[in-house]
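# Notes for the structure review
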Amino acid sequence: MSYRTITTETADGVMTLTLNRPDRLNAFTRAMLDEMLAAFDAADADDAVRVIIVTGAGRGFCAGVDLEDPDAFTAAKVDPTARDAAIWDDPANRDMGGLLALRIFNCLKPVIAAVNGPAVGIGATMQLPMDIRLASDTARFGFVFARRGIVPEAGSSWFLPRLVGMGQALEWCYSGRVFGADEAHAGGLVRSVHAPDDLLPAARVLAQEIAGNTAPVSVALTRQMMWRMAGADHPMQAHRIDSRAIAARSSMADADEGVASFMEKRAPAFPDRVSRDMPGFYPWWDEPGWLDEEEK
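Residues numbered from 1 in each chain as written. Predicted model: local features only at pLDDT ≥ 70, side-chain atom pairs only at ≥ 80, totals over all residues. Heavy atoms only, no water.

## Things to note about the side chain of D69
Position of D69 relative to the elements: it lies in the loop between β3 (51–56) and α2 (85–88). Despite being buried, D69 has no salt bridge partner; R21 is the closest side chain of opposite charge, sitting 6.8 Å away. (Helix = DSSP H or I, 4+ residues; strand = E, 2+ residues; numbered from the N terminus. Buried < 20%, exposed > 50% of the residue type's maximum accessible area, 1.4 Å probe, protein only. Lys, Arg positive; Asp, Glu negative; His and termini not counted. Salt bridge = Lys/Arg side-chain N within 4 Å of Asp/Glu carboxyl O.)

In structure tokens form, the structure reads like this:
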């Protein structure tokens, strides 16, 4: 596909999605949202894509929403004292970051963020539903919403405390301050910090470890099992899904290949494909809409 605000390149099972507005520090626009959604759709549909790396062109990852983009603020002004639920639940009020975060949350491929520079506002929150975050030592992070008179978006009130703990999440969001890669690492937001020239190579080594050694259907199931069980209220819910998944995967060709390749001391060649071989119980959840049916 041809994009204006991002680029994508796939090699050796890894799609690299690059935010590509370097003259604006890759500031986020409505067009970028639409193109990122399309790119994640394409990645999920393509069995050649085993892992996705998201990074930024130039010296920034994403400097937040582009305040000069006329399409970036589509929500209608509302009376903040209104008590009519229909006013608050108008689909026009859905935030862009949330649309992107939910799409990444539903992705069937592992997603690695390679944060190469400033990442503030939506540049920080879009990373939260990604699975692993690596940062350049030049990266800067900021959940700056309270300093702009608004609140965190992109589902970050769900994602961020699960990643770094409630206290750390609240400190960063209450203060709205911008902080460096070392603090992000100490706080549990990023896995590792790298020199700028080493960042993408390190992300690719990690991506290749996944792409070259694991069964894609197993990885797709594992991703959804882990994320969705993060909100479960009892481990029995995880046990039920684990049991279904173990029964299904043990009955499929990948399990035979996994054992054979181990016994024969060779690299595996897993035959099952995400596009056609997800087990019959998947998905096991009812995907919620913008409003639950009883609210419509």
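Read on for the rest.
## Describing helix α5 (residues 156–164)
Of all the residues in α5, the buried ones are S156, F159, L160, P161 and V164. One or two positions beyond α5, positive phi appears at G165, with a value near 90 degrees.

## Concerning the pattern of salt bridges
Enumeration according to the criterion identifies 15 salt bridges in this entry. When the shortest N-O distance is used, the salt bridge between D34 and R30 registers 3.7 Å. Residue D34 and its partner R30 are both found in helix α1 (residues 30–45); the two are separated by four residues, about one turn of the helix. Residue class for D34 comes out partly exposed when judged on its relative accessible area of 40%. A salt bridge links R249 to D272, with the nearest nitrogen and oxygen atoms 3.1 Å apart. Taken together, the positions of R249 in helix α10 (residues 235–250) and D272 in the segment after α11 (253–263) put the pair 23 residues apart, joining distant regions of the chain. Residue R249 is classed as buried on the basis of its relative accessible area of 10%. Looking at D272, the relative accessible area reads 7%, which means it is buried. A network of salt bridges, in which partner residues are shared, links R21, R24, D66 and E68.

## Considering the pairing of strand β2 (residues 14–19)
Consecutive residues of a regular strand have side chains that alternate between opposite faces of the sheet. Most of β2 is tucked away: six of the six residues are buried. Going residue by residue along β2, you find V14, T16 and T18 tucked away on one face and M15, L17 and L19 tucked away on the opposite face as well. Of the strand pairs in this sheet, strand β1 (residues 6–11) and β2 are connected by six bridges, and their pairing is antiparallel. Across the sheet, A11 pairs through a bridge with V14, a residue of β2. Between β1 and β2, which follow one another and run antiparallel, lie two residues, and D12 among them has a positive phi close to 55 degrees. Relative to β3, β2 runs parallel, the two being bridged by six bridges. Within the sheet, the bridge partner assigned to L19 lies in β3 and is G56. The parallel pair β2 and β3 is bridged by α1, and the resulting crossover is right-handed. (Pairing = 2+ DSSP bridges. Right-handed = clockwise from strand over helix to strand, strands pointing away.)

## Observations regarding the environment of N116
Tracing the backbone through its elements, the reader meets N116 in the loop between β4 (111–115) and β5 (118–120). On a C-alpha basis, the gap between N116 and A267 in space is 32 Å, while along the polypeptide they are 151 residues apart. Not counting chain neighbours up to four residues away, the residues in contact with N116 comprise T55, G56, A57, G58, R59, G60, F61, S136, T138 and L199. Side-chain polar atoms of N116 contact the backbone oxygen of G56, separated by 3.0 Å. Polar side-chain contacts of N116 include one of 3.1 Å to the backbone oxygen of G58. (Contact = heavy atoms within 4.5 Å. Polar contact = N/O pair within 3.5 Å; in protein donor to acceptor, adjacent residues only side chain to side chain.)

## Quick notes on the layout of surface pockets
When its volume is computed, the second largest pocket comes out at roughly 220 Å³. If you trace the second largest pocket, you find it lined by P110, D131, R162, L163, I210, V219, T222, R223, M226 and W227. Only α5 and α9 (216–229) provide two or more residues apiece to the lining of the second largest pocket. Top element by residues in the lining of the second largest pocket is α9. It accounts for five residues. Residues of the lining of the second largest pocket, tallied by class, amount to six nonpolar, one polar and three charged. (1 Å grid on protein atoms, 1.4 Å probe; cavity = no way out; pocket = protein on both sides within 12 Å on 5 of 7 lines; lining within 4 Å. Points joined across faces, edges and corners; volume = space filled by probe spheres on them. Nonpolar A, V, L, I, M, F, W, Y, C, P; charged D, E, K, R; others polar.)

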